[in-house]
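Understanding the architecture of this molecule
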2 protein chains.
Amino acid sequence: MFVALERLKLNETNSVRIPAADLHKQVSAILQGVGTPVDHAEITAKILVSASLRGVDTHGVGNAAGYSRLIENGTYTVPQTVEVISETGTTALLSCGNGIGFIGAHRGMEISIEKAGKTGLGMTTIRDGHHIGMAGYYAMMALEHDMIGIAMTNAVPAVRPALGARSMLGTNPIAFAAPAGEERDFVLDMATSTVASGKIALARRLGVPIPEGWAITAEGEAITEPPGGMGDHWTMNPLGGTREQGSHKGYGLSVMVDILCGVLSGGGFSSQLATGENMTWTMAIDISKFRDVDDFKAMMDDMIRELHATPALPGADGVLVAGDPEADAAEDRTANGVPVENSQYDELRRRAVQLDVEVFI
Amino acid sequence: MFVALERLKLNETNSVRIPAADLHKQVSAILQGVGTPVDHAEITAKILVSASLRGVDTHGVGNAAGYSRLIENGTYTVPQTVEVISETGTTALLSCGNGIGFIGAHRGMEISIEKAGKTGLGMTTIRDGHHIGMAGYYAMMALEHDMIGIAMTNAVPAVRPALGARSMLGTNPIAFAAPAGEERDFVLDMATSTVASGKIALARRLGVPIPEGWAITAEGEAITEPPGGMGDHWTMNPLGGTREQGSHKGYGLSVMVDILCGVLSGGGFSSQLATGENMTWTMAIDISKFRDVDDFKAMMDDMIRELHATPALPGADGVLVAGDPEADAAEDRTANGVPVENSQYDELRRRAVQLDVEVFI
């Protein structure tokens, strides 16, 4: 039923399976090899491996070599200091110190959780940052505290506004996590574009076409050959795709992300960002301040079970709930190793050798 | 370019223009005619007229006669008490007292704003409620306080999960408002389905077809003849429409709304609700706790101007920002009167006569 999407998956031909623990050691070693302090390298490695375990390969360990080059060439300031610029009992404005985005976002969510534990709600917005990887990781940090977690991040333009023909917005993702009881936690992690930009880059690397509706030319014509690079010659569609199908909604959500991440922090909205810059926003909600946590989780379980029991469309295997595919991937990959795309596997090993750090994979 | 959408607009043939002030008096009189206290009737009338002024006709004054019947037949408990069930400095769980939904949502947003003014953030979730009308109204209440406002509400099933063939979710809208300086405020108010359900009902009343992508049969076939009533024979698509175009994202956002409105309040998620029940969630964020409000607004202005300046798709007049169409409608309608669909105009007058209250329109 979903041929194009299936062709974007890693398989035995285009990837090699590596144990998650070895990947963690490799990523951390590479980051330390370019001067990242141990604690920051460990946090970043943990988040990257988590993305790879959950099947979010576009945001996984394959990016570690690239980050290490950005650290080496000074694009990222490392070591960095995450500074609190302003703060109240519930809120904080942080600077990521132009360093590794993961570190600012991780600290931001820690602070949101601390504040929510005391007051019920915590919110941070983080300027001077870079790529944070899988936004869902930060939202999920709230789960073990019986909190709802939300995280968003903006990015340089890759997506057009509704009715527009040029990229003005990042893929500006929204991540939302809420704890269940016996069922799996609800974890939504979505770009506000039709598809995450990494999917188009992956299609290009794998040499497979993309479905109509993901991207258009500057003249408004549908693109099926995955384009390379950024620029004015092509742009991605906001979620909804066309005016009649609700492209103003995906567009509006993207601007909402820009407001919370870029404008509230002062770090800048999408079209003000330099390549590789990302501003981030996090929030935690302490469920116990509203109602009994066990009752909340029991109702989550009821909801998730009812959704799973929905009769499926002809040709579909069944109805999923946000987080299901990632949890399935994590089960498989924890047991059988994480598939790493061949070219990225080679690159990680080369980078380790180049930096004269131990090769673990 | 957008024929189907144009045909859903009110015009000189299918509607009559009435001054907003007269509509307000008429709606308030009808609600008072069935025993609604003056202050509650005035709040509800204000919100309904605001929706009509902003061109959100599906959520406007045309619904007042229907609400009055729900009050009369006891579906809505009137007079109602909005009760605080639990509360902290930043949060509150409210009961709408099974009364008019507008009153609970309005009180909820007032409380969110009060708490945000003191602590930075305020959040309320409201159970035992009914229809709240245009969700954007509540989000916009934050604007005059230099706050960001957010409001969501769930509803009985009308929308299918991604890959599902039966309605399990309400159209579960998200409204988000942030103040600009010289430019118009940003006001996003969107159903998480491809289209608001009122648009399909309107198409049916006006006798015009709907575009493919809005709704499908239980067998997964596209529907273009607007269906009547609810039931298992048809369902609306979540934003994104198909798996490849991101239907799991609209679906995920809809469940997020259900969690914040239905599960966090304990009032129930979509498929637990009785017809006409709606649980609601509101939030206010005090911008000044993060950064200087004038700086925030100046950056909002920059962003809005850049978005407006985006080169448009061939055939499109220009790029809009969320809230533009509604602000345009409000300018026109404030000056020239609010168009009320002929059948709804007749119904309002008949209802006023029936209740023996003054006829203002």
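This text follows the structure it describes.
Residues numbered from 1 in each chain as written. Chains lettered and ligands numbered in written order. Predicted model: local features only at pLDDT ≥ 70, side-chain atom pairs only at ≥ 80, totals over all residues.

What follows deals with the sheet that holds strand β7 (residues 186-190) of chain B. Residues and elements named next belong to chain B. On the basis of which strands lie adjacent, the open sheet formed by seven strands has the order β2-β3-β4-β10-β5-β6-β7 and mixed pairing. The open sheet terminates on both sides in strands that have one partner only, identified here as β2 (83-87) and β7. Along the sheet, successive strands turn relative to each other by an average axial angle of 15°, direction set aside. In this sheet, strand β10 (residues 280-286) lies alongside strand β5 (residues 147-153) in antiparallel orientation, the contact comprising seven bridges. Each residue of the ladder has a partner; that of Ala 151, found in β10, is Thr 282. (Pairing = 2+ DSSP bridges. Helix = DSSP H or I, 4+ residues; strand = E, 2+ residues; numbered from the N terminus. Axes fitted to C-alpha atoms, helices over the stretch in contact; angles between N-to-C directions.)

Superposition of chain A onto chain B requires a rotation of 180° combined with a translation of 0.0 Å along the rotation axis, giving an RMSD of 0.0 Å. Viewed as a symmetry operation, the transformation between the two copies matches a two-fold axis. Proximity to the rotation axis, assessed at the C-alpha, singles out Gly 240 of chain A in chain A; its C-alpha lies 2.4 Å from the axis. (Least-squares fit on C-alpha atoms with pLDDT ≥ 70 in both.)

All names here are of chain B. Helix length check: helix α11 (residues 342-354) (13 residues) gives 18 Å between terminal C-alpha atoms against 18 Å at 1.5 Å per residue, within 8%. All of the buried residues along α11 are Gln 344, Leu 348, Arg 351 and Ala 352. The arc that holds the buried residues of α11, viewed along the axis, is 100°, so those residues lie on one side. What points out from α11, more than 90 degrees from its buried face, is the exposed set Ser 343, Arg 350, Val 353 and Gln 354. Considering only its buried residues, α11 is in contact with α2 (20-33), α4 (64-72) and β11 (338-341). A positive backbone phi angle near 60° is found at Asp 356, which sits one or two residues after α11. (Expected span 1.5 Å × (residues − 1). Buried ≥ 20, exposed ≤ 12 C-beta atoms within 10 Å, placed from the backbone. Arc of directions from axis to C-beta. Contact = placed C-beta atoms within 7 Å.)

In this fold, Ala 165 of chain A is placed in the loop between β5 (147-153) and β6 (174-178). The buried category is assigned to Ala 165 of chain A, around which 20 C-beta atoms lie within 10 Å. Residues Ala 165 of chain A and Ala 191 of chain A, 26 residues apart in the sequence, show an inter-C-alpha distance of 19 Å. What Ala 165 of chain A contacts, discounting residues up to four positions off in sequence, is Arg 160, Ala 218, Gly 220 and Thr 235 of chain A together with Pro 311, Ala 312 and Leu 313 of chain B.

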